[in-house]
Structures are given as C-alpha cells and as structure tokens.
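Spelled out from the first residue to the last, the chains are:
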Amino acid sequence: LKPQVLKSGLEPRFGRGMAPKTQIAGEEEPPAKVAKTSHEGVADELEKDALKDARPRIAETVGMVTEDSTLNVIPTSGGKVLMGLSDAGLQFLVAASRANVGVKSGRYMFEVRVVEVLLPTMPGGRMAPLQPISRQQCRVGFSKKGSSLFLGETEDSVCFDSDGCFINNKHKTNVAERFVRDNVFGVLLNLDPASPNANTISLFKDGRRVSKPQPLPEGLVGHALFPHVSFRNVTLQVHFGPGLIAPVPFECCTIQEAAKEDAVIASSSCSQDGKFEILFPIALPDEGTFDWLDDFLENHPGYTEVSDRKIVEWATGSGLGKPRTTSLKNSNDKPDVTFGIQALDEMTPRKLLYTIAPLIPRNYVVMEVKSNLLKSERQDLLHRFDLPHFRRVAAVVVGEPPESFKVKVRAAVLAEKQEKLDTEWKIQKERRRQMEMQQKLVREKMEKQKAMEEAQMKMFEATKAEGAEAKDEEVKTEEVKEEGVKEEPDVEMKEEPQEEEQPPVAELDEEEQKLWFLPRPVTDMVAPVFNSTFADFTLPTDEENFTEIRYEWATELASKEYMRSWMQAKKITSRVEDLVPSEWFNARVGDWSKLSNEWQGKQKDFKADPLRQQAAELRADKEKRYHQKQEREKSKEAGSAEGEAEAEAEATADAELEGFVPPDVFTVDVNDIGEGEPLFANFTFEDWALMNLRFEISLLMQFFRQEVTDPERPGIHESHVGYYYNRCFRKALNPKLFGVTTAAEVCDFIKDVVTVLDNGILSPVLTEEQTADLEKLLRLTEEARRERQQRLEGGDESCRLKFSAIMQQQMTQSHQPSWGGKGGPMPKSGGWPGAAQWPGGQPVAARPG
C-alpha cells in the first residue's frame, strides 16, 4: 500500500455526521489560514526571567511512569518517545501517561512534540459508533497524583488539546492555536506565589506564547501537579529537560531542573527485590468480588486492573460514550456492551492486552471471575505471566468478610435507600406544591368572579334607585365591603407558609443489617455460564504455579469449608443447562400420548351412547345413596337421633342398596367399571389436564434422577420446574392457566405424585414401578375428582378449579413439533393427549374467577 498523505490538513473522523477536520494536521497551516483562525497574540511577554536558584535540584530522572500509564502506551528511546498500540480496536482508545515528578511550587515547563501522525487500518465489521470521535488526539497538561488518566475529563486535571482548547472537567475553552506535527509545544506551570501569574498554566508553540495564562481551577491550587499527556494515533516526544528544545523569551527551568523543595517524587510500587506482583483474585460470584477489588485498588493505587470491565471504562473515557447493554447477556465479569464498533463490542483488545501486559513490568490485578475459579483456565493465565520479574499471587476472597467490609456494605445500602426516599419525597413535595398552586388559582378566580358580580349588582342598583334609596344602597355596599375585608384575613391565613418539611430518614431493616454483600442489579456471571461451570470451581493449591496464596477473609480451612457448603447450596438451587430429552424419555412420551388418546376416544364413544349413559346415571345415583348411608351410620354411632318417619324412609332406601358395593377406583378395569362405563367417563378438560400434568411431572422427576447422577443434586428445584418442563416437553408451563402464580402452587394440584420439600426440591410420592403403570395416574386423577366433587356438594367452594378456558383451546389446537436432542424426533403416532377434540366438542366456559 502507498503511504497515505494528509492533504490540506483534512482527515476524516470516526463516526457518522462528523466534520472532516482533523485535530492534528500533517503539516503547518498556510499563513493566510493561520492569520484567519489563530487567536490574538500577546503583545508583551507576561513572564519574567527566573532568578538564579542555588537550592539543590532533584536527582531523579524525570520520565513517564509505566504504572501510571494506560496499557497501550509503549515507551521507547529511554522513555523520551511514547507510542500507542493501534491494532485490534486499540486505535479507538486513548493512550495516556503521567510523569513521576510533580510540582508543588515554583515555575517550570516541559515540552511535547508530535513526531508522527498515524492512520491505522480500520477493522472490518460494523463501524457506527454511538458517539463520533476524532481519529487523532493529543492533550498536554498537569494532573493530581492518582487522578484519572483521561486528561481533562475530571476536575483533577487541566490541559490544552490539539485544537487549542483549554480543558478542565470536560469543559472546553478555545484559547490558543491548533497543534500541528513537528511543532514543539511547551506547557508552563506557574505556582510561584511571588509572580503576578501565580497559579496559572500557559501554552507555547516553538518558543512563542500562543495563549494567555489560564488560571488553575480552585480544586488544583495548593496541590502537587504532575506532567500528563494523553493521545490517540500519534507518536509523541516528551522532553522534561535539562534545557528547552525551543527556548522561550524568558529564562525558565524545566521539570528536570526543579528544586527539591518545589518537587514531589512519586513513590514506586516496585518491591525491594525488583519484582512486580501479579494478583489473581479468587472469589465466589456475587459475594463481594468487585467490591473487594475496588477497595484493594483504592488502597493500592500502584496496581493496574486487567479485565473486561476496565476495557469498557477505557472506551467510555476515550470519548465513545456510554454503551448500550443487553441485560440477558450482561455481567460484571463479561460485560455485553455495544459501542457501535464491532472490534470493541467483541472485546477484541483483550487478546492484545494479555499479550503485551507480561512484557511491561508493573503490578497487575487479573480480574477474571470465572477463569480464576476454574483450574484449567487459571493455569492458562498463570502461564502468560510465568516470567522471572513477576510474583504470582492468588488472593482468596472466600468466606465471611471482616466487619469493616460489612460496615461499608450497610453504609452503601443505607445511602441507596436514603437516595430513593429523597427522590420520592421531592416528587411528593413538588406534587403538593402544584396542587396548592392550582387551589390558589381557583380561589383567585372565584374571588375575581365574586367581585365582578358585586360590581355589576352595584351598577344595576345605582341606576334603579335614587335619593334615599341610593343612600341605603351605599350603606349596604359599605357593609358588603366590610364583610369582604373581614373575609380577607381568613384567605391570608390559609396561604401562610408552613414550616419546611424535612425529608424522611432511611433506616436498615433486620434483614439488611445482616447483609454481608452488596446486592447489585448486574450479576458477576450470567446464569447459563454460572450453572454450567460452578460445579468445577476450585481454590488454588500449593501444587499450582503460584508464588504465594493469600487468604484475605478467612483461613485456608475455613475458606474451603465455606466453599464446600456454598457449592452444595448452589447445586440445589441452580439448574442443569445441558439436560436434553433421551430416547427413553421420548418413548415414554409417545406411549403416554397414544394411551391417553385412546381413553379420550372411549369417553367420546360413551357420551354418544344414551343407553350406557342412562345405566351410568343409575349407578352413580346408587353410589351417592350408598355414601349417604355410610354417613348416616357414622352419625348413629356418634349418638344423633332421628324421627320414626325418617328412619322408615331410610330403611326402604337401604333395602334397595342391598348387595351394592361401589367399584374400587384402584382395582376396577379402567375401560369398564360396569355396563360399559369407563372409569374416566366424567372427566372434564380440567381432569384431563391434571392427569397429563401428573404424567409429565412424574416423568420429569424420574428423567432428572437418571440423567443427573451428582448426589448433591437431589432433584428439581421449584424455581426451575418451568425451565426443565420447557426444555423436555417443548412447551411452557404457565401457572396462570391453572389459576395460580407459581410452579409450586401448580404442584399442589397433584400432591398424590409430587411434594415440595422445605428446601424447594420436588420429591416424588410414587416409586418408579408405580410411575411405570400409566393407569395408576388415571386412577389417581379419578380419585381426586370424586373427592373434589364430594367437597363441592358439601358446600366447600375452596376446592373449585379455576383453570383458564385458554388451556382447553391450547390443548385442543396444539400439535407438538418434532423433537431434537440426543433422543431424535418424537414419534408421530398418537400425538399429544390434547391433539384430539375434547369429548362433547363444545367449548367450555371459564370458571368464576
């Protein structure tokens, strides 16, 4: 490819809708253009020559500090030239670096020159950034130690950018000429209290002043300020002295020539043996992982975090704006964000950063929640930093946190509650204010209307009456005025300002007082990833290639015991992501579907035969009277008396029942209990639905026990019934169609086959042999129907089923699709029990409620 030449100082920016003007031109602007666009020059130099200073000077070599630089900064030529990586998406990110020597008093200068303007190749894929940014950028200035590396983006730094703007806390003011390549730009910091320009910063170009002294913000006055540069897609030469590359019109010292009394030397985080530390935090997801890390970084500013969340913060600070997130796939460990640039959305910079980080000696924190807990992935990360200048340390943050950590958690929860209360209080206060204003307007309107009516009445009476009558009217008018005057104080009393109401004070409840970890809206790991990997989580051992293993919250023994109990609890409440129907499962579903359809067809045939229905009604009447007889006998045993007429009638009725015994639900032939009547003759669509539910839940529990052999997973948790149901039967289990809201309440309808234990696990009532008998499920359904019918006849409406009529429509109209997974397609013969029209062929109205 031929070199790309910048023409006329124009260069397109990243993003749509941006002006093509570059921030850094490739060559000096034409004189006419400079004269037209440059700022009004300074007639006389505002700075005077520095007096000779005999005080001892600093001995340290001033330069940019690796640990105070972004990961894409590559220093060369002994740190005098700074280059930025510009591949794998890093061309969109800002490179920044801060010097190791700061200035707290005096007047000193350092210089910067843009020696190269890069035009990096744009990566393929989507390129529609949410917030357009310039392709090149250069900022020079000063900042506080430990402040953000994004120069000019916070109140702790000031700078000039390549467009000649003075920037502080994202506020830009155009004060100077633009930067161009090969020019030498000097930044002068004046902290000399004896100077008329004290506490100012100025910009010089090739030794010529191009900006007036800009006053420092109040937040920076009195603090030590360190030279700071940030750039994108350019190469910089940074000169701290001694001497100046482009001398200025007055005598001035550089940072390297600063007196010891005027300078502050930043402490190095390197250990005494010259080795740097690679810290691997090993913490359980959603148990204070990132809260502990934030506290650690605050107390140890010499460490650099390597993680996906830092890449997101880096991109946001580089001017790409706040990204969009996908809640289903977003987590703290692996953020799923959208900047509109495919290279960043796919976290392409991660691979390059893990390649370059081991080559740059500094203290790192490798924050990978999942990878640090999995031994195989942990070893891969360790191998990357297996170099002699690194100490590999595992920080195990597992167990009960210390009281200081709990105090911070409670304080954060209390602050969040107080913020919500304050917001609600302000909203309510504003609503009351608006209501009072409306009431006031209504009162004023009524008063004006009343005054107008009185004035009209006066005019009417004045034209009608004369003489004495006019005098009487005047007296009445005065009385009305006096009454109006008397009423005015009442109105004023209503409008008197009330005492200022104070916002409510938030307090922690009993549960919040017991919190160990701060609840967060975004989890550390997405559920599918967590569920499929947490069983393999391990703590580091001495056999691994760690230089040291530190236990931050508890001892080694206590941490291991805590993790063991934590994993047992998670195995109960988490779901198995890779569970798919087997061939045995599909075969059982096919057998049930065929048998259930046969029963429905027999019920339909029975309903169509009036003779068999008449015989069934006679049998049902006898059975009803038989049960009434049993109740009377129980009453007699209890000592209740009855009249002679009633006793004689009951004796006659009992004689008709001589030798009659109701059929036993669990022993009769389900297809013929007598006179050709099937056991399921009186089933409604609710009964068919419950019978089908009995089979599905029983089969689901049996299949789970077969596929999941882990003894610490005793069964299906109630919170995951819907997931497994949908996974295996390819349809949703909607509790609302059963008239309830949870899966546990759905299981209450079929207590004869499943119970929900105290820990939320579904426990089967039937054995596997009983479950294999499909007629057993039909008999249980009939027994439950009869018991429910007797309770309804006794006036107990609490047992009435309130299933939605939509359920019948879905069961009637739905045809199950073919099955996938390792079981292959579902057998087509038979279909689902609901595939045939329900007996009677008439729609069923919804139950009350």
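Computed from a prediction, not measured in an experiment: that's the story for all the values here.

1. Structural notes on unusual backbone geometry
Residue Pro242 is reached from Gly241 by a cis peptide bond, and omega for that bond is 0 degrees. Following the sequence through the fold, Pro242 ends up in the loop between strand 16 (234–239) and strand 17 (253–254). Phi at Asn169 is positive, roughly 55 degrees, even though this residue is not glycine. Of note, Asn169 is situated in the loop between strand 9 (165–168) and strand 10 (171–174). Residue classification places Asn169 among the partly exposed positions, given a relative accessible area of 40%. Backbone geometry at Asn233 places phi at a positive 60 degrees, although glycine is not the residue there. The buried category is assigned to Asn233, whose relative accessible area is 6%.

2. A word on the environment of Leu119
Position of Leu119 among the secondary structure elements: in the loop between strand 6 (106–117) and strand 7 (137–143). The exposure class of Leu119 is partly exposed, given its relative accessible area of 23%. Distance from Leu119 to Asn233, taken between C-alpha atoms, is 7.0 Å for residues 114 residues apart in sequence.

3. Things to note about the sheet that holds strand 4 (residues 95–99)
Strand order in the open sheet formed by seven strands is 1-4-15-7-8-9-10, with antiparallel pairing between adjacent strands. Here the strands that pair on one side only, and so sit at the sheet edges, are strand 1 (64–69) and strand 10. The average angle at which neighbouring strand axes cross in this sheet is 25 degrees, direction not considered. Sheet analysis places strand 7 next to strand 8 (residues 157–161), joined by five bridges and oriented antiparallel. When the bridges of strand 8 are listed, Gly141 appears paired with Cys159.

4. A word on helix 17 (residues 721–729)
The set of residues buried in helix 17 consists of Val721, Tyr723, Tyr724, Tyr725, Cys728 and Phe729. Tucked into the core, helix 17 has its buried residues touching helix 13 (583–607), helix 16 (685–707), helix 18 (743–748) and strand 27 (762–764). Arg730 occupies a position one or two residues after helix 17 and carries a positive phi of about 60 degrees.

Cut-offs used in this document
- Residues numbered from 1 in each chain as written.
- Predicted model: local features only at pLDDT ≥ 70, side-chain atom pairs only at ≥ 80, totals over all residues.
- Heavy atoms only, no water.
- Helix = DSSP H or I, 4+ residues; strand = E, 2+ residues; numbered from the N terminus.
- Buried < 20%, exposed > 50% of the residue type's maximum accessible area, 1.4 Å probe, protein only.
- Pairing = 2+ DSSP bridges.
- Axes fitted to C-alpha atoms, helices over the stretch in contact; angles between N-to-C directions.
- Contact = heavy atoms within 4.5 Å.

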